[in-house]
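For reference, the chains in residue letters:
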Amino acid sequence: MEYIIQSVRDFRLTTSEVIVYQAIVCFVIIWCQFKWIRRNFESVAAKMKGPKGYPLIGSSFDFIGTPEQVMEKILKIDDKYSPGPIKIWVGPYFGVIVIKPEDVQAVLNNSKALQKDRFYDFIKNIFGEGLLTAPVHKWRKHRRLITPSFNATLLNQFFPVFNEKNKILIRNLKKELFKTTPFDLWDYIAPTTLNLICQTAMGYNLDTQSEYGTEFENAMIKASELDSLRMKTPWLYFSFMFKLYLKLKGHSDVFNTLYKLPLKMIQEKKEAFAQRKILNKPSAVDVTDNERNKLKVFLDTLFELNEAGANFSDDDIKDEVVTMMIGGSETSAITICFSLLMLAIHPDIQDKVYDEIYEVFHDADETITLEDTSKLVYLEQVLKETLRLFPVLPLVFRKLQDDVKIASDDLVLPKGTTCIISILGTHHFSESYPNPWTFNPENFNPENIANRHKYSFIAFSGGPRGCIGSKYAMMSMKVAMSTFLRNYSVHTHYTFDDIKLKIDLLLRSANGYPVTIQLRDRRPTYTRDKKL
Ligand code: HEM
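Rules used throughout
Residues numbered from 1 in each chain as written. Predicted model: local features only at pLDDT ≥ 70, side-chain atom pairs only at ≥ 80, totals over all residues. Heavy atoms only, no water. Helix = DSSP H or I, 4+ residues; strand = E, 2+ residues; numbered from the N terminus. Buried < 20%, exposed > 50% of the residue type's maximum accessible area, 1.4 Å probe, protein only. Contact = heavy atoms within 4.5 Å. Areas by Shrake-Rupley, 256 points an atom, 1.4 Å probe, with all protein chains shown as cover. Pairing = 2+ DSSP bridges. UniProt positions renumbered as here; feature names shortened; annotations may be inferred. Polar contact = N/O pair within 3.5 Å; in protein donor to acceptor, adjacent residues only side chain to side chain. pLDDT = per-residue confidence, 0-100. Near = heavy atom within 4 Å. Patch = residues over 30% accessible without salt bridge, like charges linked within 9 Å, V, L, I, M, F, W, Y side chains within 5 Å. Salt bridge = Lys/Arg side-chain N within 4 Å of Asp/Glu carboxyl O. Axes fitted to C-alpha atoms, helices over the stretch in contact; angles between N-to-C directions. Core = buried A, V, L, I, M, F, W, Y, C linked by side-chain atoms within 4.5 Å. Phe/Tyr/Trp six-rings, centres within 6.5 Å; stacked < 30°, edge-to-face > 60°.

## Here's the deal with the overall build of the chain
Right, on to step 1. Summing up its helical and strand segments, the chain has 21 helices and 13 strands in all.
Right, on to step 2. Over its C-alpha atoms, taken along the principal directions, the chain stretches across nearly 120 × 60 × 45 Å.
Right, on to step 3. With 532 residues in all, the chain has 53% of them scored as buried.
Right, on to step 4. Intrachain contacts of the chain at a sequence separation of at least 6 include 76% that bridge at least 24 residues.
Right, on to step 5. Of the roughly 25600 Å² that the chain leaves accessible, carbon and sulfur atoms contribute 56%.

Okay, structure coming up:
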């Protein structure tokens, strides 16, 4: 006994030993706290399958690589664990990928799943706090005020602009006629959709200012690449590291350049709005030189709401304008390019689309009306099938503000979970679409739609925070596609398997949209063999 007491008395630790033991104790405390905080997540995770996650970094290593490699990895995970739900550790955070339409419906319609996940903070240097990224309290107020700008009656007024801008597209495309070398559709379609949204939503005519448009588009693509790189690279999560990276790589100006055009548009509209107020004139937009249509545009509505006390700050207005410009142009441009490429790869389907267009317009060059677009049923099937195969936004991230029950296994996803709705996975779920990687517009004929779950097609997301511009998008894309196909037939040497996908913030074709065009033979295809 005495020996033990003596040993305790003699027990001495060196300074370095004290430091080591203290570090171990600290580590154990932090580890226990970490495990305690995650206990709800870990117990749910134990019931699910998913890629291996390492402490703190989770599955981050799975998403390192070029945009093409990242896309391949996403597809592999969806494929391996479909139909989920799939657990995934996003860094130290618990994430669940949902794929099954029933699960998607349960999440998108839950009022506790409206908050965007922390990953959207990384794109606030582009979108600020516009509708897409806004926290729920701000989003509710703005969405309620902005939604009327997208009602069907107002959309109807945009048709003269849709027609006008697409006629310019047709004129521009003439220089590609009779060429055998393919060109990239993107070079023509992207400026058109940007021009459309600038005119219809902001009342701003880009035709005479195309250099601003080009600068904006280039900055937008670069900014998307940089933000998506940041999302995948944990050391760039810190603002100072990201700023340093931009500086070292010479990209410091990208975000300022991106804002040049929106700020210029806002300034000009603000002055015009003030001027109109003095003269007491209603808002109006030039559609053509000869024709003046009274057209209520989104940006005017924001100024008017402000007059009525809505309190949009200058930053709020800038954020909403940038959100509409990018949300409304890039998405439609990518979809139109993919759709035309699909028709070039599938000439029989192109013929069917053209025959429908002929039924509606015959060979006249009349302008297209809202009523006409409702008759282009097969064209709509083609657009939806393209969006199914290539959903522009393949993943949507929500942060659960409370426990949310999903349909699969009656699982309850705990508050704080990052819920990843895999639009891509849902669209390639073989129970909904038996040959998920085949282009088949019949997937969207009325009978097949009726036999499928409503949430098996979610290209525009769904629920209260779904896309505000889905009707606008479908109408404007129908006008673009039908105007294009009335004038040109589209061809390619590409096959479906040649298409490589990549993802920055949006899903795109990694090798562009290479096609050639020919003047359209305006006769319906079923009469062409006969002598007319
Ligand atoms: C093919 C075209 C389009 C597709 C596939 C598409 C898809 C989507 C998707 C999936 C979302 C949900 C994003 C998320 O939850 O993170 C969304 C939101 C949004 N979209 Fe679209 N979109 C398209 C066209 C448009 C157009 C033309 C506009 C505007 C004119 C627009 C404006 C918006 C806005 C403002 C939001 C945020 C809505 C909110 O959070 O309340 N989109 N879109």
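Next comes the rest of the write-up.
## Remarks on the pairing of strand 2 (residues 93-98)
Right, on to step 1. For strand 2, the tally of buried residues reaches five of six residues, placing the bulk of the element in the interior.
Right, on to step 2. Inspection of the sheet shows strand 1 (residues 86-90) paired to strand 2 by five bridges, in the antiparallel sense. The partner of tryptophan 89 across the bridge, within strand 2, is phenylalanine 94.
Right, on to step 3. The hairpin formed by strand 1 and strand 2 contains two residues between the paired strands, and glycine 91 there has a positive phi angle of roughly 60°.
Right, on to step 4. Relative to strand 9 (residues 418-422), strand 2 runs parallel, the two sharing four bridges. Bridge pairing in strand 9 places glycine 95 opposite threonine 418.

## Digging into the UniProt feature "binding site: heme" (unreviewed entry) in the chain
Right, on to step 1. Sites flagged by UniProt as "binding site: heme" (unreviewed entry) map to Cys467.
Right, on to step 2. Positionally, cysteine 467 belongs in the loop between helix 20 (446-450) and helix 21 (470-487).

## Focus on the side chain of serine 482
Right, on to step 1. Within the secondary structure, serine 482 sits in helix 21.
Right, on to step 2. A distance of 3.4 Å separates a polar side-chain atom of serine 482 from the backbone oxygen of valine 479.

## With respect to the side chain of lysine 138
Right, on to step 1. The topology assignment puts lysine 138 in helix 7 (residues 136-146).
Right, on to step 2. Of note is the side chain of lysine 138, whose polar atom sits 3.1 Å from the side chain of glutamate 129.
Right, on to step 3. With residues up to four places along the chain from it excluded, the contact list for lysine 138 reads Glu129 and Asp316.

## What about the confidence of the model for the chain?
Detailed reading of the predicted coordinates is not advisable wherever pLDDT falls low.
Right, on to step 1. Averaged over the chain, the pLDDT score is 87; the fraction of residues at 70 or greater is 93%.
Right, on to step 2. Confidence drops under a pLDDT of 50 for residues 284-293, and excluding neighbours within four residues, the segment shows 17 contacts in the predicted structure.
Right, on to step 3. Listed scores for the predicted complex are pTM 0.89 and ipTM 0.99.

## Description of the site of the ligand
Right, on to step 1. Lining the immediate environment of the ligand, one finds 30 residues, of which Tyr120, Trp139, Arg143, Arg465 and Cys467 sit closest.
Right, on to step 2. Of all elements in the fold, only helix 7, helix 15 (314-345), strand 6 (395-399) and helix 21 reach the threshold of two or more residues within the shell around the ligand.
Right, on to step 3. Looking at the shell around the ligand element by element, the count peaks at six residues for helix 15.

## Observations regarding a nonpolar patch on the surface
Right, on to step 1. Where nonpolar side chains cluster on the molecular surface, the patch consists of Phe11, Leu13, Val18, Val20, Tyr21, Ile24, Phe27, Val28 and Trp31 and spans about 870 Å² of accessible area.
Right, on to step 2. Looking at the secondary structure, you find leucine 13 in the loop between helix 1 (2-10) and helix 2 (15-37).
Right, on to step 3. On the accessibility criterion, leucine 13 (37% relative accessible area) is partly exposed.

## Digging into the sheet that holds strand 6
Right, on to step 1. Read from one edge to the other, the open sheet built from four strands follows the order 1-2-9-6, with strand pairing classed as mixed. Both edges of this open sheet fall to strand 1 and strand 6, since each of them pairs with a single strand only. Direction aside, the axes of adjacent strands within the sheet are offset by 30° on average.

## Thoughts on unusual backbone geometry
Right, on to step 1. A positive phi angle, near 65°, is found at phenylalanine 178, a position not held by glycine.
Right, on to step 2. In this structure, serine 461 takes a positive phi of about 60° despite not being glycine.
Right, on to step 3. Position of serine 461 relative to the elements: it lies in the loop between helix 20 and helix 21.

## Digging into the sheet that holds strand 3 (residues 183-184)
Right, on to step 1. Read from one edge of the open sheet, three strands run 3-13-10, paired in antiparallel fashion. Among the strands making up the open sheet, the edge pair consists of strand 3 and strand 10 (488-491).
Right, on to step 2. For strand 10 and strand 13 (residues 514-519), the ladder comprises four bridges, and the chain directions are antiparallel. When the sheet's bridge partners are listed, histidine 491 is paired in strand 13 with threonine 516.
Right, on to step 3. Across the sheet, helix 15 touches strand 10 and strand 13, and the angle it forms with strand 10 is around 75°.

## Points about the nonpolar core
Generally speaking, soluble globular proteins have nonpolar side chains that are buried together.
Right, on to step 1. Grouped together as the largest cluster of nonpolar side chains are 160 residues, with contacts concentrated most on Met202 and Phe484.
Right, on to step 2. The greatest single-element share of this core, amounting to 17 residues, is contributed by helix 15.
Right, on to step 3. Each residue touching phenylalanine 484, except ones within four places of it in the same chain, is listed here: Leu169, Ile170, Leu173, Leu185, Leu340, Val490 and Ile517.

## Quick word on the packing of aromatic side chains
Right, on to step 1. All told, the structure shown has 22 aromatic pairs when counted by the stated rule.
Right, on to step 2. With 5.5 Å between their ring centres and 85° between their planes, phenylalanine 162 and tyrosine 472 make a pair best called edge-to-face. In this pair, phenylalanine 162 is assigned in helix 9 (residues 159-173) and tyrosine 472 in helix 21, connecting sequence segments 310 residues apart.
Right, on to step 3. Residue class for phenylalanine 162 comes out buried when judged on its relative accessible area of 1%.
Right, on to step 4. Measuring from centroid to centroid gives 4.1 Å for phenylalanine 338 and phenylalanine 390, while their planes differ by 10°, and the two rings are stacked.

## Topic: the UniProt feature "transmembrane region" (unreviewed entry) in the chain
Right, on to step 1. With numbering matched to this structure, UniProt assigns "transmembrane region" (unreviewed entry) to residues 19-37.
Right, on to step 2. This span, residues 19-37, is 100% helix and 0% strand, and a straight line between its end C-alpha atoms measures 27 Å.

## Quick word on the pattern of salt bridges
Right, on to step 1. Applying the stated criterion to the full structure yields 21 salt bridges.
Right, on to step 2. In this structure, glutamate 129 and lysine 138 form a salt bridge, with 3.1 Å as the shortest nitrogen-oxygen distance.
Right, on to step 3. A relative accessible area of 24% means that glutamate 129 is categorised as partly exposed.
Right, on to step 4. For aspartate 504, the salt bridge is made with arginine 508, and the minimal N-O distance between the two is 2.9 Å. When sorted by exposure, aspartate 504 lands in the same class as arginine 508, which is buried.
Right, on to step 5. Taken together, the shared-partner salt bridges in this structure form one network comprising Asp121, Lys124, Glu129, Lys138 and Asp316.

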